[in-house]
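Examining the three-dimensional arrangement
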Amino acid sequence: MNQSYVFYQGEIVKESEVNISIRCKAFNYGLACFEGIRAYWDEETQQLYVFRLKEHYERLLQSCKTLNINIPYTIEQLIDATIKLLRKNNFKTITYIRPMAYKGADSIGPTLNDDDDRILIYCQPLGSYTGKDRLKVAVTSWTRLEDNMLPPRTKATAAYLNSALASLEVTKNGYDEAIFLTKSGHVCEGPGENIFIVRRGKIITPSISDNILEGITRDTVMTLAEKELGIEVVERSISRTELYAADEVFFSGTAMEVTPVVEVDNRVIGDGKPGYISKKIKELFFSITTGKDPKYSHFCTPVY
Ligand SMILES: Cc1ncc(COP(=O)(O)O)c(C=O)c1O
């Protein structure tokens, strides 16, 4: 993988040529934020489509603003750099793209007011994130970070220690993925994905004030549910036991895509199989990622 090309400080270079200081604050203190973007290869048209590229860079620049990381690129320039990078790597498969904006090594302290701001973008092939089409999950004993502690909305790298601890706990206990609760005990999200439940024909998802990342796949799911299936999506707080009472549960995320959950805390959800609405949403999601649906072609940026 280190023979792949990366975008580093304005240039496309070989990954092996990137030299990051041991004093870098992203490494020392997690003073960084990132994005996760997917590109989908369409065999029929021999085209690679990046999914909702603009929205990902809008979110990155919003994260940078909150964290006082000043990178001298516009959204259009970042889109252009990403396309050039994918072309240079000549990827013709489903690909994950990771832009990262971070504080360099200007001084020793954990300060966000230095000027040594940096950006890099790397990419790699990435198929199914879990390798499973249905998940058995558990609520973690780790509480999700609050907006006023370490804002999950910013996709700050440091927040992923919270995610990693939750994942470690539940995978050691034999589950596939974790679900976080907020400090007030409401359902929040997974370590790297948003959550939805289906109850009495409605889709419900935690609201953006419940310390979630405002997921781009979440937004896509909400659009597809309302526009294509005519199903109402309600954003509100969800209690832990409402998960057990749900007819269906599913996750959404760039890496996770749309993945049904069939068990929560050893309680079977519905009849223990991926539910009708989860399957429909998943099907619709994959039908729009390769640019074939003219209604959603604005979500897909062609690379070649
Ligand atoms: C904590 C967290 N929640 C939710 C998501 C899903 O967001 P998106 O759909 O934009 O990838 C991610 C992935 O980026 C995440 O890391």
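Residues numbered from 1 in each chain as written. Predicted model: local features only at pLDDT ≥ 70, side-chain atom pairs only at ≥ 80, totals over all residues. Heavy atoms only, no water.

**Concerning the site of the ligand**
- Around the ligand lies a shell of 15 residues, among which Tyr160, Glu189, Ile216, Thr217 and Thr254 are the nearest.
- Arg59 places a polar side-chain atom, nitrogen or oxygen, 2.8 Å from an oxygen atom of the ligand.
- Residue Thr254 places a side-chain N or O atom 2.6 Å away from an oxygen atom belonging to the ligand.
- Protein coverage of the free-state accessible area of the ligand, which is 390 Å², stands at 97%.
- Considering only residue class, the shell around the ligand consists of 4 nonpolar, 6 polar and 5 charged. (Near = heavy atom within 4 Å. Polar contact = N/O pair within 3.5 Å; in protein donor to acceptor, adjacent residues only side chain to side chain. Areas by Shrake-Rupley, 256 points an atom, 1.4 Å probe, with all protein chains shown as cover. Nonpolar A, V, L, I, M, F, W, Y, C, P; charged D, E, K, R; others polar.)

**With respect to the environment of Asp271**
- Considering the arrangement of structural elements, one finds Asp271 in the loop between strand S15 (267-268) and helix H7 (276-288).
- In this structure, the C-alpha to C-alpha distance between Asp271 and Gly190, residues 81 residues apart in sequence, is 22 Å.
- A polar side-chain atom of Asp271 sits 3.1 Å from the main-chain amide nitrogen of Lys273. (Helix = DSSP H or I, 4+ residues; strand = E, 2+ residues; numbered from the N terminus.)

**Section: the domain arrangement of the chain**
- Examined at the domain level, the chain breaks down into domain 1 (5-125) and domain 2 (135-288).
- Of note, the centres of domain 1 and domain 2, computed from C-alpha atoms alone, are 26 Å apart.
- Taken residue by residue, the interface counts 21 residues in domain 1 and 19 residues in domain 2.
- Summing both partners gives a buried area of about 1600 Å² for domain 1 against domain 2, and 62% of it is carried by carbon and sulfur.
- Interface area lost by domain 1 to domain 2 is led by Phe34, Phe51 and Arg59, which between them contribute 36%.
- At the boundary of domain 1 and domain 2, one finds 2 salt bridges.
- When the shortest N-O distance is used, the salt bridge between Asp219 and Arg52 registers 2.8 Å.
- Elements with a minimum of two residues in the side of domain 1 that touches domain 2: strand S3 (32-34), strand S4 (37-42), helix H2 (53-67) and strand S6 (95-103). (Domains from an automatic or database assignment. Contact = heavy atoms within 4.5 Å. Buried area = accessible area lost by both parts, 1.4 Å probe. Salt bridge = Lys/Arg side-chain N within 4 Å of Asp/Glu carboxyl O.)

**Brief notes about the side chain of Asp117**
- Position of Asp117 relative to the elements: it lies in strand S7 (residues 117-125).
- Of note is the side chain of Asp117, whose polar atom sits 3.1 Å from the backbone nitrogen of Asn70.
- When residues no more than four places from it in sequence are discounted, the contact partners of Asp117 are Gln9, Asn68, Ile69, Asn70, Tyr102 and Lys103.

**Remarks on the packing of H2 against helix H3 (residues 75-89)**
- Close contact between H2 and H3 brings their axes to 10 Å; oriented N to C, the two are set at 125°. Between H2 and H3, the interaxial angle falls into the category oblique. Crossing of H2 against H3: the hand is right-handed. Residues Leu53, Lys54, Tyr57, Glu58 and Leu61 of H2 form the contact with H3, whose own contacting residues are Ile75, Leu78, Ile79, Thr82 and Ile83.
- Its residues assigned to classes, the contact of H2 with H3 comprises 7 nonpolar, 1 polar and 2 charged. (Axes fitted to C-alpha atoms, helices over the stretch in contact; angles between N-to-C directions. Parallel < 35°, antiparallel > 145°, perpendicular 65-115°, else oblique. Left-handed = near helix turned anticlockwise from the far one by under 90°.)

**Here we look at the packing of helix H5 (residues 216-228) against H7**
- Following both chains from N to C, one finds H5 and H7 inclined at 110°, their axes separated by 10 Å at the closest point. Overall, the two elements H5 and H7 adopt an arrangement that is roughly perpendicular. Facing Thr217, Thr220, Val221, Leu224, Ala225 and Glu228 of H5, the residues of H7 in contact are Ile281, Leu284, Phe285 and Ile288.
- Residue classes in the contact of H5 with H7 are distributed as 7 nonpolar, 2 polar and 1 charged.

**Section: H5**
- Under the 1.5 Å per step criterion, the end-to-end length of H5 is 17 Å for 13 residues, consistent within 8% with the ideal 18 Å.
- Gly230, located one to two residues past H5, shows a positive phi value of around 65°. (Expected span 1.5 Å × (residues − 1).)

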